[in-house]
Amino acid sequence: MSIAANSGNFSQRWLRRQEQPRELDPLLLWPAVALLLFGLVMVYSSSIATSEGSKFTGHSPTFFLVRHTVFMCIGAVAAVVAFQMPMRAWQQIAPYLFLIGVALLALVLIPHVGRDVNGARRWLPLGPINLQPSELMKLFAVLYAADYTVRKLPVMGSFKRGFLPMAGVIILVGALLLREPDFGALVVICAIAFGILFLGGINARIFALLAVVAVVGFVLLIWLSPYRRERILGFMNPWEDAYGKGYQLSHALIAFGRGEWFGVGLGGSIEKLFYLPEAHTDFLLAVIAEELGFAGVLAVIVLFALFVQRCFAVGRTALQLERPYAALVAQGIGIWIGVQSFINMGVNMGLLPTKGLTLPLMSFGGSGIVANCIALAVLLRVDWENRQLMRGLPA
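In what follows, the accompanying structure is described. (Residues numbered from 1 in each chain as written. Predicted model: local features only at pLDDT ≥ 70, side-chain atom pairs only at ≥ 80, totals over all residues. Heavy atoms only, no water.)

**Some points on the packing of helix α3 (residues 63–84) against helix α13 (residues 366–390)**
Packed helix pairs are specified by the crossing angle of their axes together with the interaxial distance, meaning the distance between the axes.
Step number 1: Running from N to C, α3 and α13 point in directions that differ by 30 degrees, and their axes come no closer than 8 Å. The angle between α3 and α13 falls in the class roughly parallel. Every pair of crossing elements has a handedness; the one defined by α3 and α13 is right-handed. Only Gly366, Ile369, Val370, Cys373, Ile374, Ala377, Leu380, Arg381 and Trp384 of α13 make contact with α3, whose side of the interface consists of His68, Phe71, Met72, Ile74, Gly75, Ala76, Ala78, Ala79, Ala82, Phe83 and Gln84.
Step number 2: Here the residues of the contact of α3 with α13 are counted per class, giving 15 nonpolar, four polar and one charged. (Axes fitted to C-alpha atoms, helices over the stretch in contact; angles between N-to-C directions. Helix = DSSP H or I, 4+ residues; strand = E, 2+ residues; numbered from the N terminus. Parallel < 35°, antiparallel > 145°, perpendicular 65-115°, else oblique. Left-handed = near helix turned anticlockwise from the far one by under 90°. Contact = heavy atoms within 4.5 Å. Nonpolar A, V, L, I, M, F, W, Y, C, P; charged D, E, K, R; others polar.)

See the structure below:
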């Protein structure tokens, strides 16, 4: 056979391989990986002073870096396991996972079982690590709300049969979260549940009524709670009491101001030197702004925007392939990551009141990182099954 014929056959085989869809969407995978790795670097940078200055860390500058790396490894292992499960299996166990989440939220409130930190009881001590059930509950809420919506599709226009049961479940979860208290997690879980109901085709008038009731409810929760009311007042004018209720926000704004366009350089933050509380968790973006400037913050925003957009694109493809559960799970994960990242960024920039919410995929926090990694694996599974079906192969 001639060289020209061999060359022609090789070209045809290469073209056929190029025509086949890839196993996974690179625009979905790589932004998530970039956020995880970028977060690892910034957690180390923002926590060095805290690690060296705390007797509880053994004065090791790498204490939080090592723990964050360990949690990322645990999350990676959990993600590999989660990816092996088909979406029909996730749908079958979704109600049981949700019940486990409710039980954990109740367990954390039992005296001498849940751990108190800064006046909040949100953690279950498990030896050297602490489990935060509210982080797992966000994932369980996505899986359960999607399953509930698919089962109730024929009656989604009914207030009594379509909306009321889910509302009752969310009220129960909300009551448990407010006892911790964890108002930020409640906002995210409500956004997940009702966002999935909206995407599932809930009656527009019911949804509008829900929006009004939710706004009124959140206003009452804030107004009737002195500490939440003080946070709102402090957020509106942090400089009025810069050493009191406006302390965190004022120092976050100073960090943003010092960063300007390109920052003071990686590792050069002053605010992380015991001025800005929770620099490696809730206010990681402020450290990014100070060290890497507007360019660093813009890069984070673009990565999150791309990731969320791909979540909805994967969900839309699943819906076209007549896989409603997979579609709602993918879009529910997009709502979760999008809403939580928006709130965290808004808090850091002074656009929203201070809330105890971390930056997804980036901030230090074992339970959050593990839950984010599992959610990413489930999302990649949806994408993988979509691509298998498009290739005519069994998912």
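**Observations regarding the packing of aromatic side chains**
Step number 1: For the coordinates displayed, the defined rule picks out seven aromatic pairs.
Step number 2: Ring centres of phenylalanine 63 and phenylalanine 64 lie 5.2 Å apart, and the angle between their planes is 85 degrees; on these two criteria the pair is classed as edge-to-face.
Step number 3: For phenylalanine 63, a relative accessible area of 25% translates into the label partly exposed.
Step number 4: Seen from their ring centres, phenylalanine 64 and phenylalanine 364 are 5.1 Å apart, and the 85 degrees between their planes marks the pair as edge-to-face. (Phe/Tyr/Trp six-rings, centres within 6.5 Å; stacked < 30°, edge-to-face > 60°. Buried < 20%, exposed > 50% of the residue type's maximum accessible area, 1.4 Å probe, protein only.)

**Focus: the packing of helix α11 (residues 284–320) against helix α12 (residues 324–348)**
Step number 1: Following both chains from N to C, one finds α11 and α12 inclined at 165 degrees, their axes separated by 8 Å at the closest point. With respect to their mutual orientation, α11 and α12 come out roughly antiparallel. Where α11 crosses over α12, the two elements pack in a sense that is left-handed.
Step number 2: Its residues assigned to classes, the contact of α11 with α12 comprises 21 nonpolar, seven polar and one charged.

**Some points on the pattern of salt bridges**
Step number 1: The final tally for this structure, using the stated rule, is eight salt bridges.
Step number 2: One salt bridge connects lysine 138 with glutamate 135, and the closest N-O pair in it is separated by 3.3 Å. In this pair, lysine 138 and glutamate 135 both sit in helix α5 (residues 133–151), three residues apart, roughly one turn of the helix. Each of the two residues, lysine 138 as well as glutamate 135, counts as buried.
Step number 3: Among the charged side chains, a salt-bridge network with shared partners connects Arg323, Arg381 and Glu385. (Salt bridge = Lys/Arg side-chain N within 4 Å of Asp/Glu carboxyl O.)

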